[in-house]
Amino acid sequence: MSAIDNLPPLREVINTHELAARKSLGQNFLLDLNLTAKIARQAGDMADCDVLEIGPGPGGLTRGLLAEGARHVLAIEKDRRCLPALAEVAEHYPGRLTVIEGDALEIDPLSHLTPPIRVAANLPYNVGTELLVRWLTPPEWPPFWQSLTLMFQREVAERIVATPGSKAYGRLAVLAQWRSDARIVMQLPAGAFIPPPKVSSSVVHLTALPEPRFPADPKVLSHVVAMAFNQRRKMLRSALKGAAPDIEDRLTAAGLKPTDRAEQVPLEGFCALAREIAKR
């Protein structure tokens with residue numbers, strides 16, 4: 001018996017279905033079902049929620065989400081080798097798990113989900129950051145999701161919650177903290193995974209705010225911070241010279257110094273600059 005349900009232990013599932021993790025898909029399987037259940041609990045009360053999971057693999061977190069009471073889980077899996085294992089989970093939880101084979105970057109999940117919606121995933125390393133940025137920068141807000149409970153490499157997690165002046169502060173921190181409350185809720189050692197990655201991992205929980213902390217156009221803000229932190233050692237007037245021909249005037253109007261560097265600028269300053277650049 002496994003720790004959370006009557007399905008086989010994950011190591012047995014992986015062996016039965018010959019699911020060796022593939023580096024090309026960013027796969028690292030978490031085998032401890034007590035840990036996957038603990039991660040699921042970080043998503044909060046899911047009894048009245050649909051949950052979107054990306055990259056379920058053999059179904060460890062999927063089982064945790066269902067065992068912890070998720071109303072319905074939509075799992076998007078690119079690796080068809082995992083589908084038989086996920087089908088066994090779906091059979092064990094009738095009507096509560098839907099599995100879609102495909103690339104999460106190309107699939108619109110909303111037609112398969114009923115609000116309220118939460119996202120919980122051990123994101124594949126090769127698509128995790130891109131998915132997070134998409135979820136944080138939709139044209140309209142509030143978004144389709146209430147919260148995101150996501151596992152990243154620890155370095156990425158620290159970038160999401162970083163504060164101005166720190167080495168980790170950058171684009172992810174600005175975009176995440178603009179529209180959500182973000183905090184690290186769990187740390188996981190590399191040895192918890194098969195195969196063990198070269199770095200440890202962290203689980204980040206982001207709760208969507210009713211409205212952004214400061215007004216700004218998401219496309220403009222995302223473009224500005226990408227430019228600013230792409231050359232973070234340069235002064236803003238140099239890093240952002242392509243954003244507007246009169247960038248020094250725009251920086252001054254936003255209350256920033258042209259000689260500032262990106263890591264010195266707080267969230268409010270980037271939002272003010274995005275509004276100034278959007279005026280052109």
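The structure reproduced in this document is the subject of the present report. Predicted, not measured: the structure shown is a model, and the values here were computed from it.

## Re the pattern of salt bridges
As enumerated under the stated definition, the model contains ten salt bridges in all. Here Lys78 ties to Asp103 by a salt bridge, and the two come within 3.7 Å at their closest N and O atoms. With Lys78 in the loop between β3 (72-77) and α4 (83-92) and Asp103 in the loop between β4 (97-101) and β5 (117-122), this pair connects stretches of sequence that are 25 residues apart. Among the salt bridges present, the one from Arg134 reaches Glu130, with a minimum N-O distance of 3.1 Å. Of this pair, Arg134 and Glu130 both sit in helix α5 (residues 128-136), four residues apart, which is roughly one turn of that helix.

## Some words on the sheet that holds β4
Taken together, seven strands build an open sheet; the order of strands is β4-β3-β2-β5-β6-β9-β7 and the sheet is mixed. Each edge of the sheet is formed by a strand with only one pairing partner; in this case those strands are β4 and β7 (180-188). Strand-to-strand twist of the sheet, defined as the mean angle between neighbouring strand axes without regard to direction, takes the value 20°.

## Digging into the packing of α5 against helix α7 (residues 171-179)
Two quantities define a packed helix pair, namely the angle between the helix axes and the distance between the axes. Put simply, α5 and α7 touch, their axes get as near as 10 Å, and they point 35° apart. The two elements α5 and α7 cross, and the hand of that crossing is left-handed. Taking contact as the criterion, the partners of Thr129, Leu132, Val133 and Leu136 in α5 are, on α7, Arg171, Leu172, Leu175, Ala176 and Arg179. Considered class by class, the residues forming the contact of α5 with α7 number six nonpolar, one polar and two charged.

## Some details on the packing of α7 against helix α11 (residues 267-278)
α11 packs onto α7 with a crossing angle of 90° between their chain directions and a minimal axis gap of 10 Å. Of the possible angle classes, the one that applies to α7 and α11 is roughly perpendicular. Contact residues: α7 offers Val174, Gln177 and Trp178, while α11 offers Leu267, Phe270 and Cys271. For the contact of α7 with α11, the residue count by class is five nonpolar, one polar and no charged.

## Some details on the environment of Ala43
Looking at the secondary structure, you find Ala43 in the loop between α2 (33-41) and β2 (50-54). Separated by 217 residues in sequence, Ala43 and Asp260 have C-alpha atoms that sit 38 Å apart. Once residues lying within four places of it in the same chain are set aside, the contact partners of Ala43 are Arg118, Ser147, Thr149 and His205.

## What about the nonpolar core?
Within the largest apolar cluster, 59 residues are counted, with the highest numbers of intra-cluster contacts made by Trp135, Leu150, Leu221, Leu240 and Phe270. For this core, the leading source of residues is α11, giving seven residues. Residue contacts for Phe270: discarding those within four places in its chain leaves Tyr169, Val174, Leu221, Val224, Val225, Ala228, Phe229, Ala262 and Val265. With 23 residues, the next largest nonpolar core counts Ala40, Leu61, Met151 and Val203 among its residues.

## What to know about the environment of Arg80
Positionally, Arg80 belongs in the loop between β3 and α4. As for Arg80 and Gly57, which are separated by 23 residues in sequence, their C-alpha atoms are 9.4 Å apart.

## Brief notes about helix α3 (residues 60-67)
Burial analysis of α3 places seven of its eight residues in the buried class, the great majority of the element. One or two positions beyond α3, positive phi appears at Gly69, with a value near 105°.

## Looking at unusual backbone geometry
Following Trp141, the chain continues to Pro142 via a peptide bond in cis, the omega torsion being 5°. Looking at the element boundaries, Pro142 is found in the loop between α5 and β6 (147-153). Following Ile194, the chain continues into Pro195 via a peptide bond in cis, with omega recorded as -10°. Position of Pro195 relative to the elements: it lies in the loop between β8 (193-194) and β9 (201-208). Unusually for a residue other than glycine, Glu18 sits at a positive phi of about 55°. Residue classification places Glu18 among the exposed residues on the basis of a relative accessible area of 64%.

## Looking at the environment of Asp249
By secondary structure assignment, the location of Asp249 is in helix α10 (residues 247-253). The class for Asp249 is exposed, based on a relative accessible area of 55%. Taking the C-alpha atoms as reference points, Asp249 and Gln264, separated by 15 residues in sequence, lie 18 Å from one another.

Reading guide: rules and limits
- Residues numbered from 1 in each chain as written.
- Predicted model: local features only at pLDDT ≥ 70, side-chain atom pairs only at ≥ 80, totals over all residues.
- Heavy atoms only, no water.
- Salt bridge = Lys/Arg side-chain N within 4 Å of Asp/Glu carboxyl O.
- Helix = DSSP H or I, 4+ residues; strand = E, 2+ residues; numbered from the N terminus.
- Pairing = 2+ DSSP bridges.
- Axes fitted to C-alpha atoms, helices over the stretch in contact; angles between N-to-C directions.
- Left-handed = near helix turned anticlockwise from the far one by under 90°.
- Contact = heavy atoms within 4.5 Å.
- Nonpolar A, V, L, I, M, F, W, Y, C, P; charged D, E, K, R; others polar.
- Parallel < 35°, antiparallel > 145°, perpendicular 65-115°, else oblique.
- Core = buried A, V, L, I, M, F, W, Y, C linked by side-chain atoms within 4.5 Å.
- Buried < 20%, exposed > 50% of the residue type's maximum accessible area, 1.4 Å probe, protein only.

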